[in-house]
Amino acid sequence: KVGLLTGLSYVSGVDYYKGINEQASALLPKGKHMKPNPPMVLVSLDCDQYVAYLEARDDAGVAEYLFAGVETLHAANVDFVVICSNTAHCVVPMVRQRLPSLPLLHIADCSASACKERGITTVGLLGTEPTMRDGSWLKSRLGEHGLTVIVPTEQASQRRCYDIICQELSFDIYKDESRDFLLVLVAEMQALGCQGVILGCTELELLLTREHEGRAALPLFRSAAVHITAAAEYWLAQQHWTISARPLAPLLLECPWADCGLQEWRTSSSTRSWFSRVLDCSGEGATAPQAE
């Protein structure tokens, strides 16, 4: 079972639920009556309470609030956890400390993989104000992959970006002037030496869609999109389905076991790591598990 922690906001959580199901099912043959889809357990938190902790800069409070949701997923015996938010990954150190055996798919690893595939070494990061102001839970993780991370320097720009996320995108409100503002920030990132920009809030890519990429001064890396793809592919690997004739994501699992291959992937320039070794790369499409 895939465990989704969402509500942060629910708008992007809908995309995670839909995207993981669609991408996994698209790679599978018909089952008994239709294509299979991943069993999921979804915990949806109150975004207002979450943002209240963030605005108060109550790091301990927000971590405990998020951990309660993760703990519910753990109690439901999920196989791995997907946190449907960049900023909410601030809870990962607490998860590692209290639930060291719970696998967790880290969004920063997914974003880093996408950047490295394009040869990017210096990347801009747009997201919530806490992510841009501090964001140690993302910036340090991206740094482990050899990326230099740059954020907008003006506090007013960080604040406006945050307000767009909280007051507009989290309620399915999409304004042209907000999109234009974000594109200006992307251009500013180019002037600061960035080679690309990570949309480091899962709602931002709902405003800067693929049809707007031609207006962006730099390549845009969609953190939610790559996170969703990695989750779908990892679930397939866990079910022992084999996939081939398509690019494979590396193992991006926050894994507690030393022999899982995560360290090898982190230090290797190759994206064909432990994850792709789990999958059989021969034949066409997806193949059903073989009886042992």
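Check the entry above for the structure.
Residues numbered from 1 in each chain as written. Predicted model: local features only at pLDDT ≥ 70, side-chain atom pairs only at ≥ 80, totals over all residues. Heavy atoms only, no water.

Remarks on the sheet that holds strand β5 (residues 122-126)
We count it as follows: For two strands to count as paired, DSSP must find a minimum of two bridges between them. In DSSP terms, a helix is any run of H or I states spanning at least four residues, a strand is any run of E spanning at least two, and both are numbered starting from the N terminus. Working convention: axes come from line fits to C-alpha atoms, limited for helices to the stretch in contact. Angles between N-to-C directions cover 0 to 180 degrees. Contacts: residue pairs with any heavy atoms within 4.5 Å of one another.
With parallel pairing, four strands are arranged side by side in an open sheet as β6-β5-β7-β8. Each edge of the open sheet carries a strand with a single partner, namely β6 (148-150) and β8 (220-222). Ignoring strand direction, the axes of neighbouring strands in this sheet form an average angle of 35°. Bridging between strand β7 (residues 196-199) and β8 involves three bridges; their strand directions are parallel. In the sheet register, Leu-199 faces β8, and the bridge partner there is Arg-222. Contacts from helix α9 (residues 176-191) reach β5, β6, β7 and β8 within the one sheet, and its direction differs from that of β5 by about 155°.

Things to note about the packing of helix α8 (residues 155-167) against α9
Condition: What sets the label is the angle itself: under 35 degrees gives roughly parallel, over 145 gives roughly antiparallel, 65 to 115 gives roughly perpendicular, and the rest give oblique. Here is the rule for handedness: rotate from the far helix to the near one, and if that takes an anticlockwise turn smaller than a right angle the crossing is left-handed, while a clockwise turn gives right-handed. The nonpolar class holds Ala, Val, Leu, Ile, Met, Phe, Trp, Tyr, Cys and Pro. Asp, Glu, Lys and Arg form the charged class, and all remaining residues, Gly among them, are polar.
Viewed as axis vectors pointing N to C, α8 and α9 meet at an angle of 140°, and their least axial separation amounts to 11 Å. Between α8 and α9, the angle is such that the two are oblique. Helix-helix and strand crossings are classified by hand; for α8 and α9 the assignment is left-handed. Contacts from Ser-157, Arg-160, Cys-161 and Ile-164 in α8 reach Glu-177, Ser-178, Phe-181, Leu-182 and Leu-185 in α9. Its residues assigned to classes, the contact of α8 with α9 comprises five nonpolar, two polar and two charged.

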